[in-house]
Amino acid sequence: MSNPWIDRSSPIREGEELNEDRLARFLREPLGLEGALDIRQFPRGFSNLTYLVRVGDRELVLRRPPFGSDVETAHDMGREYRILSRLRPRFPKVPEPLVYCEDEKVLGAPFYLMERVEGAILRAPVAEDREPPRERVSALAGSFVDTFVELHRVEVESTGLIELGKPEGYVRRQIEGWAGRYRRARTDEIPAMEEVARWLEERMPAERGVSLIHNDYKYDNLVLDPGDWSRIRAVLDWEMATVGDPWMDLGCALGYWVEPGDPEPLQGLNLSPTTLPGNPSRRELVERYVERVGENPGPIVFYVVYGLFRLAVIIQQIYARYVQGHTEDPRFARLIDGVKACAWAADRAIELDRIDDLG
């Protein structure tokens, strides 16, 4: 019986096909790969498109921007390839990058290929009859935090990735930048989004450190050893990685972290299976992170509200593409509910001045 947690590919969605002949010609020169291609698509994810490319017994993963996207800074394939290339010698829990192609004549957009890291990926929703044992989830949650801290401790200067961003003024740029992106992508009137944006702008703390930050760290971006979920084989999806305040990165991760006792607006998001038995609460996750880094948590409500607001904006940008007709993916039709849920949760955390028990 096959392992149900191994990530599976599916037939390519209509409108997201790749030109197999051009890709085959491209692969001959840099990688010496010849023969018929078998291309399938990994159906999860809402941003960059990810494909499984088989040539004989070789399995590669191809990443390219979504069709119809005009958010260039969020889909820079050359930047993502460069991050993997420079990070892997210092942080080996990333796939091995192989080749980058900037010639849009090949597939209509820049793309890159990397080796496939096969393993288990924990995604939501999880059916009741497949619920993993509590102790397995607890072990994973511990490694989730420990690997996050490991990443934040990488010496940025040694990787050559300091060029990714300017640490000074990072917090301000993030708050102002995400507020601006929301207003440009807005499709519906959601008063809580404007109120949360104002609150964040009025309470920005100073930067508390400089680290390489992932900016999308969550369970389904981790490849796990199928036999031991405490062993994380790879961290995926580096498209939003940059250099900045690691506590803001923690806030982004907490934006995905829903608890069993959270009210329906948050439960409805179902973006990560953090409600499974064995998972810590948001407060407990922060406590483990604080213990590992040896610092106080500072204005943790601010970081969580930022994570929720930023997630709402990302969802809004994807939903706007759907409204504009750039994608027909049926998963996008109700994404506006996710924007509203994040806005509600952020507003509630502000009102209660805490990150737990938002009901």
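Here is what the cut-offs are and how they apply
- Residues numbered from 1 in each chain as written.
- Predicted model: local features only at pLDDT ≥ 70, side-chain atom pairs only at ≥ 80, totals over all residues.
- Heavy atoms only, no water.
- Phe/Tyr/Trp six-rings, centres within 6.5 Å; stacked < 30°, edge-to-face > 60°.
- Helix = DSSP H or I, 4+ residues; strand = E, 2+ residues; numbered from the N terminus.
- Buried < 20%, exposed > 50% of the residue type's maximum accessible area, 1.4 Å probe, protein only.
- Lys NZ or Arg CZ within 6 Å of the ring centre and 35° of its normal.
- Axes fitted to C-alpha atoms, helices over the stretch in contact; angles between N-to-C directions.
- Parallel < 35°, antiparallel > 145°, perpendicular 65-115°, else oblique.
- Left-handed = near helix turned anticlockwise from the far one by under 90°.
- Contact = heavy atoms within 4.5 Å.
- Nonpolar A, V, L, I, M, F, W, Y, C, P; charged D, E, K, R; others polar.
- Core = buried A, V, L, I, M, F, W, Y, C linked by side-chain atoms within 4.5 Å.
- 1 Å grid on protein atoms, 1.4 Å probe; cavity = no way out; pocket = protein on both sides within 12 Å on 5 of 7 lines; lining within 4 Å.
- Points joined across faces, edges and corners; volume = space filled by probe spheres on them.
- Pairing = 2+ DSSP bridges.
- Disulfide = S-S within 2.5 Å.
- Expected span 1.5 Å × (residues − 1).

Enquirer: What exactly am I supposed to notice about the packing of aromatic side chains here?
Expert: Describing an aromatic ring pair means giving the distance of the ring centres and the angle of the ring planes. Evaluation of the coordinates by the stated rule reveals 17 aromatic pairs. Geometrically, the ring pair formed by phenylalanine 26 and phenylalanine 111 is edge-to-face, given 5.4 Å between the ring centres and 70° between the ring planes. Taken together, the residues phenylalanine 26 in helix H1 (residues 20–31) and phenylalanine 111 in strand E5 (residues 111–115) connect sequence positions 85 residues apart. With centroids separated by 6.5 Å and ring planes inclined at 25°, the aromatic side chains of tyrosine 319 and tyrosine 322 adopt a geometry described as stacked. Remark: tyrosine 322 and tyrosine 319 occur in helix H11 (residues 300–323); sequence separation between them is three residues, near one turn of the helix. Given the relative accessible area of 12%, tyrosine 319 is considered buried. By relative accessible area, tyrosine 322 is classed as partly exposed at 28%. Members of the aromatic cluster, connected to one another through ring pairs, are Phe144, Phe148, Trp199, Tyr217, Tyr219, Trp247, Trp257, Tyr289, Phe302 and Tyr303. Between arginine 136 and the ring centre of tryptophan 229, over which it is positioned, the NZ or CZ distance is 4.9 Å.

Enquirer: Explanation requested: the packing of helix H8 (residues 246–255) against H11 in the structure shown.
Expert: When two helices pack together, you describe them by how their axes are tilted relative to each other and by the distance separating the axes. Remark: H8 packs on H11, axes separated minimally by 7 Å, with the N-to-C direction vectors making an angle of 60°. In terms of orientation, H8 lies oblique with respect to H11. Crossing of H8 over H11 shows right-handed handedness. Of H11, the residues touching H8 (which contributes Trp247, Met248, Leu250, Gly251, Cys252, Leu254 and Gly255) are Ile300, Phe302, Tyr303, Val304, Tyr306, Gly307, Leu308, Arg310 and Leu311. Residue classes in the contact of H8 with H11 are distributed as 12 nonpolar, three polar and one charged.

Enquirer: How do you make sense of the nonpolar core when you look at a structure like this?
Expert: A general feature of soluble globular proteins is that nonpolar side chains tend to end up buried together. Of all hydrophobic cores here, the largest spans 97 residues; its most connected members are Leu87, Met193, Leu200, Trp238, Phe302 and Phe309. Of the residues forming this core, the biggest block, 16 residues, is contributed by H11. Residues in contact with phenylalanine 302, not counting those within four places in the same chain, are Val171, Ile175, Trp199, Leu200, Arg203, Met204, Pro205 and Met248. Counting 21 residues, the second-largest nonpolar core is a separate cluster that includes Leu27, Leu37, Leu49 and Leu98.

Enquirer: Would you explain empty space enclosed by the protein in this entry?
Expert: In this approach a probe as big as a water molecule rolls over the atoms, and the regions it shows empty are the leftover space. Inspection of every chain in the model, using the stated rule, returns three cavities of 30 Å³ or more. Computed from the structure, the second largest cavity encloses a volume of approximately 70 Å³. If you go around the second largest cavity, the residues you meet are Leu254, Gly255, Trp257, Val258, Leu266, Arg282, Val304, Leu308, Ala349, Ile355 and Leu358. Elements with a contribution of two residues or more to the lining of the second largest cavity: H8 and H11. Among the residues making up the lining of the second largest cavity, the classes are represented as nine nonpolar, one polar and one charged.

Enquirer: Hey, could you run me through the sheet that holds strand E1 (residues 37–41) in this one?
Expert: Sheet strands associate in pairs through backbone hydrogen bonding, adopting either a parallel or an antiparallel arrangement. Judged by pairing direction, the sheet is antiparallel, and its five strands sit side by side in the order E1-E2-E3-E5-E4 without closing on themselves. The open sheet is flanked by E1 and strand E4 (97–101), the only strands paired with a single partner. Strand-to-strand twist across the sheet, computed as the mean angle between neighbouring axes with direction ignored, equals 25°. Sheet topology places E1 next to strand E2 (residues 49–55); five bridges connect them, and they run antiparallel. Considered in E2, the bridge of leucine 37 is made with valine 55. Packing of helix H2 (residues 77–87) onto the sheet brings it into contact with strand E3 (58–64), E4 and E5, and relative to E4 it is tilted by some 155°.

Enquirer: Even after reading the chapter, I still don't get the state of the cysteines, so can you show me in this structure?
Expert: Linking two cysteines covalently via their sulfur atoms produces the bond known as a disulfide. Under the counting rule described, the total for this entry stands at zero disulfides. The thiol sulfur of cysteine 252 is not disulfide-bonded, and the nearest other cysteine sulfur, from cysteine 342, lies at 12 Å.

Enquirer: Mind showing me how you'd approach unusual backbone geometry here?
Expert: Most peptide bonds take the trans form, and the phi angle of most residues other than glycine is negative. The residue after alanine 124, namely proline 125, is reached through a cis peptide bond having omega -5°. Within the fold, proline 125 resides in the loop between E5 and helix H4 (134–152). Phi is positive for asparagine 215, close to 75°, though the residue is something other than glycine. Among the secondary structure elements, asparagine 215 is positioned in the loop between strand E6 (211–213) and strand E7 (222–225). Positive phi is not limited to glycine here, since aspartate 353 has a value of about 55°. Looking at where aspartate 353 falls in the secondary structure, it is placed in the segment after helix H12 (335–352).

Enquirer: Could you clarify how one ought to interpret H1 in this entry?
Expert: Owing to its 3.6 residues per turn, the α-helix brings residues three or four apart onto one side. Between its first and last C-alpha, H1 extends 16 Å over 12 residues, near the 16 Å set by a 1.5 Å rise per residue. Glycine 32 sits one or two positions beyond H1 and adopts a positive phi of about 65°.

Enquirer: Which parts of the structure should I look at to understand the side chain of glutamate 259?
Expert: With respect to the helices, strands and loops of the structure, glutamate 259 is situated in the loop between H8 and helix H9 (264–267). Once residues within four sequence positions are removed from consideration, glutamate 259 is found in contact with Gln267, Thr275, Ser281, Arg282, Arg283, Ile355, Asp356 and Asp357.

Enquirer: Would you mind going over the pairing of E2 with me for this structure?
Expert: Sheet faces and side chains relate simply in a regular strand, where the side chains alternate between the two faces. E2 sits mainly inside the fold: six of its seven residues count as buried. Bridging between E2 and E3 involves seven bridges; their strand directions are antiparallel. Bridge assignment links leucine 49 to a residue of E3, and that residue is arginine 64. Taking the residues between adjacent antiparallel strands as the criterion, E2 and E3 are bridged by two residues, where glycine 56 takes a positive phi near 65°.

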